[in-house]
Amino acid sequence: MSTALAAGPLRVVVLVSGSGTNLQALLDAQSNADPADPSGYAVVAVGADRPGTGGEERAIARGIPTFTVRLGDFPSREEWDRALLENVSAHTPHLVVLAGFMKLIGPDLLRAHPTVNSHPALLPSFPGAHGVRDALAHGVKVTGCTIFWVDEGVDTGAIIDQRAVRVEDGDTEETLHERIKVEERVMFVETVRGLAADRTSWLT
Ligand code: GAR
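Residues numbered from 1 in each chain as written. Predicted model: local features only at pLDDT ≥ 70, side-chain atom pairs only at ≥ 80, totals over all residues. Heavy atoms only, no water.

1. Description of the nonpolar core
The biggest cluster of nonpolar side chains holds 34 residues, and the ones touching the most others in it are Val14, Tyr41 and Val97. Of the residues forming this core, the biggest block, eight residues, is contributed by helix H7 (residues 173–197). When near neighbours in sequence (up to four residues on either side) are disregarded, Tyr41 contacts Pro9, Leu10, Val12, Ala25, Leu26, Ala29, Gln30, Val189, Val192 and Arg193. Core analysis: the next-biggest nonpolar cluster, separate from the first, contains 20 residues, Leu85, Val96, Phe101 and Leu123 among them. (Core = buried A, V, L, I, M, F, W, Y, C linked by side-chain atoms within 4.5 Å. Buried < 20%, exposed > 50% of the residue type's maximum accessible area, 1.4 Å probe, protein only. Helix = DSSP H or I, 4+ residues; strand = E, 2+ residues; numbered from the N terminus. Contact = heavy atoms within 4.5 Å.)

As structure tokens, then:
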């Protein structure tokens, strides 16, 4: 790893598909950080797979560059993968963070950029697009969230951290997801700060 990579804030590109509350937590923690802190990071761009997401608006409000790469605008999945990779790479990130990005990431992007994702369940239980709903339907009493390195599977990568959340009587998918997201936002910030501080162990 070069000295240039080791010094300064970790450059992070965040990809979103939705409201972007996890992105907001990352942005808030970044602006409160001491610039000399070894666990510092900077969100250098925010990308979305659809126009008009809350996440994109949050980035614009902070003056952070944004891009949108919509699957329907490309003739094939491979071309969408390539366009996403080009847009992400243009910002030379050390780390890509999927914060509610609801698309699978192609292998070339994963090879080019270490990527982490968060899932609203305790993996390996309840992977996929409906982790909260599936956990509730199964009747579990404890669920939570997981942050993990993305590999080519669906929510199968190496787990970095997890937080537990109790299921309460009368919970709906929405109430449970909101309580999970409170824990998830803290987990996101602590994980990205931890990865920045420990970058020599994973950044090549
Ligand atoms: C988060 O709970 C995240 O775990 C989930 O989307 C939510 C995004 O919330 N991601 C997935 O389910 C990915 N499989 P946000 O837009 O408020 O940050």
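Next comes the rest of the description.
2. Remarks on the pattern of salt bridges
Scanning the entire structure with this criterion turns up eleven salt bridges. The residue Arg62 makes a salt bridge to Asp28 at a minimum N-O spacing of 2.5 Å. One end of the pair, Arg62, is in the loop between helix H3 (54–61) and strand S3 (66–68); the other, Asp28, is in helix H2 (residues 21–31), with 34 residues separating them in the sequence. With a closest N to O distance of 3.1 Å, Arg50 and Asp49 form a salt bridge. A relative accessible area of 35% places Arg50 in the partly exposed class. Look at Asp49 and you get buried, because its relative accessible area is 3%. Salt bridges sharing partners connect three or more residues here, namely Asp49, Arg50 and Lys103. (Salt bridge = Lys/Arg side-chain N within 4 Å of Asp/Glu carboxyl O.)

3. A word on the side chain of Asp49
For Asp49, the location among the structural elements is in the loop between strand S2 (41–48) and H3. Of the polar contacts made by the side chain of Asp49, one reaches the side chain of Ser17; its length is 2.9 Å. Looking at Asp49, its side chain comes within polar contact range of the side chain of Lys103, at 2.7 Å. Not counting chain neighbours up to four residues away, the residues in contact with Asp49 comprise Val16, Ser17, Thr68, Val69, Arg70, Leu71, Trp80, Phe101 and Lys103. (Polar contact = N/O pair within 3.5 Å; in protein donor to acceptor, adjacent residues only side chain to side chain.)

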